[in-house]
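Residue strings, one per chain:
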Amino acid sequence: MKLLLKFATWTCLSATAASIAVAQYEGELTAKRRIFPSMGVGLRAVKSPDGQRTYVLSSQGLTVFDSKEQKLLTIGSDAPQVSPVAPAKAAPPGPTFAEDFDADSTGQIYVADRAANQIVIYSPDGKRVRSFQVASPASVAALPNGEVAVATMQDPHLILVFDKNGREIREFGELEDISSRADLNRYLNAGYLASDARGEIFYGFIFTPEPIVRQYDGNGFALQTIEFTEIDAFAAAQAARKEIERQEKKGKQPAFKPILTAMGVVRDTGEVWIALHNRLLRFDKEGNRKATYQLYAPDGARLDANAILVQKDRIIIGSDTGAYEFERPDLKLGNNP
């Protein structure tokens, strides 16, 4: 029997943080170089749970690279599996449509296969271990003790948590009240998941007019809300509300452009970085905005982010055209997290 946890109000908040602090560092960030050049159009996510290997999800499948950017493993494409200790093998069967993935500290990989309505689990060497059913999984985050958090477009809660055997053990997260039309409101509550080293869960709303990130502990108790409501977000928020009103009246299938296009959480510190297309915002662990940057490719072209990975000495930004390496501006300015 699954344990159902409901939190109908936000009275359980231990802290509510609005982004009221004035940003300390503003400016432009230009990528040093493009990395993982074999990862081209269709890049969806970039993660590095152990700080050594980098996992890249793209239309070519899920590829794992070592610290020297050498390919170790590919899941879900026709490319060969590459290993430094074994001959090349055929790539293991991949998911039908990988919407998102995560990997835990042991290297076990969790893939949200939206088309097959499954979470598929792979061993560190790419062997399919098991799977379990979830309706339309859209995002996934690995938690301690083999648990995994999943976000879907179907459940009345934002987050479902499953144990290592694929049994649902809790669900939590109330929807934002954005639209009076139920199907439209559920669509507008779609989000990205991430977790930190303490097993806390972060949910970034993709379509809310003002960008919002909620933070929960592993049991589902809300810790804080980060909301970007400053004056430079006003115009985009107003335009989003007008589009919501327009689609409410049409009664057709929802179709919106994302507001929050990527989210990354620093595992050791709990810092949150979000992207609003080519704007990158940094929030400290208390939810205060510390900086906003404009992102550019090495050739000076605008770079719209769809993935963020913040490491000790660099930031990797994923886009539809590939992955790019940036210096960490907070470290360059001597403001260590």
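Scroll up to find the structure this text is about.
Cut-offs and rules
Residues numbered from 1 in each chain as written. Predicted model: local features only at pLDDT ≥ 70, side-chain atom pairs only at ≥ 80, totals over all residues. Heavy atoms only, no water. Helix = DSSP H or I, 4+ residues; strand = E, 2+ residues; numbered from the N terminus. Contact = heavy atoms within 4.5 Å. Pairing = 2+ DSSP bridges. Axes fitted to C-alpha atoms, helices over the stretch in contact; angles between N-to-C directions. Expected span 1.5 Å × (residues − 1). Buried < 20%, exposed > 50% of the residue type's maximum accessible area, 1.4 Å probe, protein only. Arc of directions from axis to C-beta. Phe/Tyr/Trp six-rings, centres within 6.5 Å; stacked < 30°, edge-to-face > 60°. Core = buried A, V, L, I, M, F, W, Y, C linked by side-chain atoms within 4.5 Å. Salt bridge = Lys/Arg side-chain N within 4 Å of Asp/Glu carboxyl O.

### Digging into the overall build of the protein
- The helix and strand tally for the protein stands at three helices and 27 strands.
- The contacts of the protein with a sequence gap of at least 6 include a subset with a gap of at least 24, amounting to 47%.

### Focus on unusual backbone geometry
- For Glu69, which is not glycine, the phi torsion reads 65° and is therefore positive.
- Positive phi outside glycine occurs at Asn145, with the angle close to 65°.
- Tracing the chain through its elements places Asn145 in the loop between β13 (137–142) and β14 (148–152).

### Here's the deal with the pairing of strand β6 (residues 71–75)
- Pairing geometry for strand β5 (residues 61–65) and β6, over four bridges, is antiparallel. Within β6, the position partnered with Thr63 by the bridge is Thr74.
- Following β5, the chain reverses through five residues before pairing antiparallel with β6; Glu69 in that reversal takes a positive phi of roughly 65°.

### Focus: the sheet that holds strand β10 (residues 109–113)
- Ordered by their spatial adjacency, four strands build an open sheet running β9-β10-β11-β12, and the pairing between neighbours is antiparallel. For this open sheet the edge positions go to β9 (98–103) and β12 (128–133), each flanked by a neighbour on one side alone. The sheet shows a mean angle of 20° between the axes of neighbouring strands, direction not considered.
- Two elements, β9 and β10, share five bridges in a ladder whose sense is antiparallel. Bridging from a neighbouring strand, Asp102 pairs with Tyr110 of β10.

### Some remarks on the sheet that holds strand β25 (residues 307–310)
- Reading across from one edge, β2-β27-β26-β25 is the order of the four strands in this open sheet, with antiparallel pairing throughout. The outermost strands of the open sheet, each flanked by one partner alone, are β2 (33–35) and β25. Put simply, the sheet's adjacent strands are angled 30° from each other on average, direction ignored.
- Two elements, β25 and strand β26 (residues 314–319), share four bridges in a ladder whose sense is antiparallel. Across the sheet, Val310 pairs through a bridge with Ile315, a residue of β26.

### Quick look at helix α2 (residues 234–250)
- The end-to-end C-alpha distance of α2, which contains 17 residues, comes to 25 Å, matching closely the 24 Å that a straight helix rising 1.5 Å per residue would cover.
- If you check which residues of α2 are buried, you get Ala237, Ala240, Ile244 and Gln247. The buried residues of α2 occupy one face: seen down the axis, they fall within an arc of 90°. Turned more than 90 degrees away from the buried face of α2, the exposed residues are Ala235, Lys242 and Lys249.
- Check the buried side of α2 and you find it contacts α1 (182–188).
- Looking one or two residues past α2, Gly251 carries a phi angle of roughly 75°, positive in sign.

### A closer look at the side chain of Ser179
- Note that Ser179 resides in the loop between β16 (168–172) and α1.
- Exposure remark for Ser179: the relative accessible area of 7% places this residue in the buried category.
- Residues within four places of Ser179 in sequence aside, it is in contact with Leu184, Asn185, Leu188, Ile244 and Glu248.

### Let's talk about the packing of aromatic side chains
- Taken as a whole and judged by the stated rule, the model has eight aromatic pairs.
- Ring geometry for Phe132 versus Phe162: centroids 4.8 Å apart, planes at 40°, classification tilted. With a gap of 30 residues between them, Phe132 in strand β12 and Phe162 in strand β15 (residues 159–162) connect regions that are remote in the sequence. Accessibility assignment for this pair places Phe132 and Phe162 in one class, buried.
- On the basis of an interplanar angle of 20° and a centroid distance of 5.1 Å, the ring pair of Tyr187 and Phe207 is categorised as stacked. Taken as a pair, Tyr187 in helix α1 and Phe207 in the loop between β18 (201–205) and β19 (212–216) lie far apart in primary sequence, 20 residues in all.
- Phe207 sits in the buried class, given a relative accessible area of 11%.
- Of the aromatic side chains, those joined through ring pairs into one cluster are Tyr187, Phe207 and Phe256.

### With respect to the nonpolar core
- Membership of the largest hydrophobic core comes to 19 residues, with the highest contact counts inside it found for Trp273, Leu280, Leu295, Ile308, Ile315, Ile317 and Phe326.
- If you tally residues by element for this core, the top one is strand β24 (residues 289–296), at three residues.
- In this view, Leu295 contacts Leu29, Asn278, Leu280, Ala301, Arg302, Leu303, Ala305, Ile317 and Phe326; residues no more than four positions away in its chain are not counted.
- Residues Ala149, Leu158, Ile159 and Tyr203 belong to the second largest nonpolar core, which totals 16 residues.

### Notes on the pattern of salt bridges
- In the structure shown here, the tally under the stated rule is 20 salt bridges.
- A salt bridge links Asp196 to Arg198, with the shortest nitrogen-to-oxygen separation between them at 3.3 Å.
- By relative accessible area, Arg198 is classed as exposed at 55%.
- Through salt bridges with shared partners, a single ionic network connects Lys32, Arg33, Glu69, Arg314 and Glu325.

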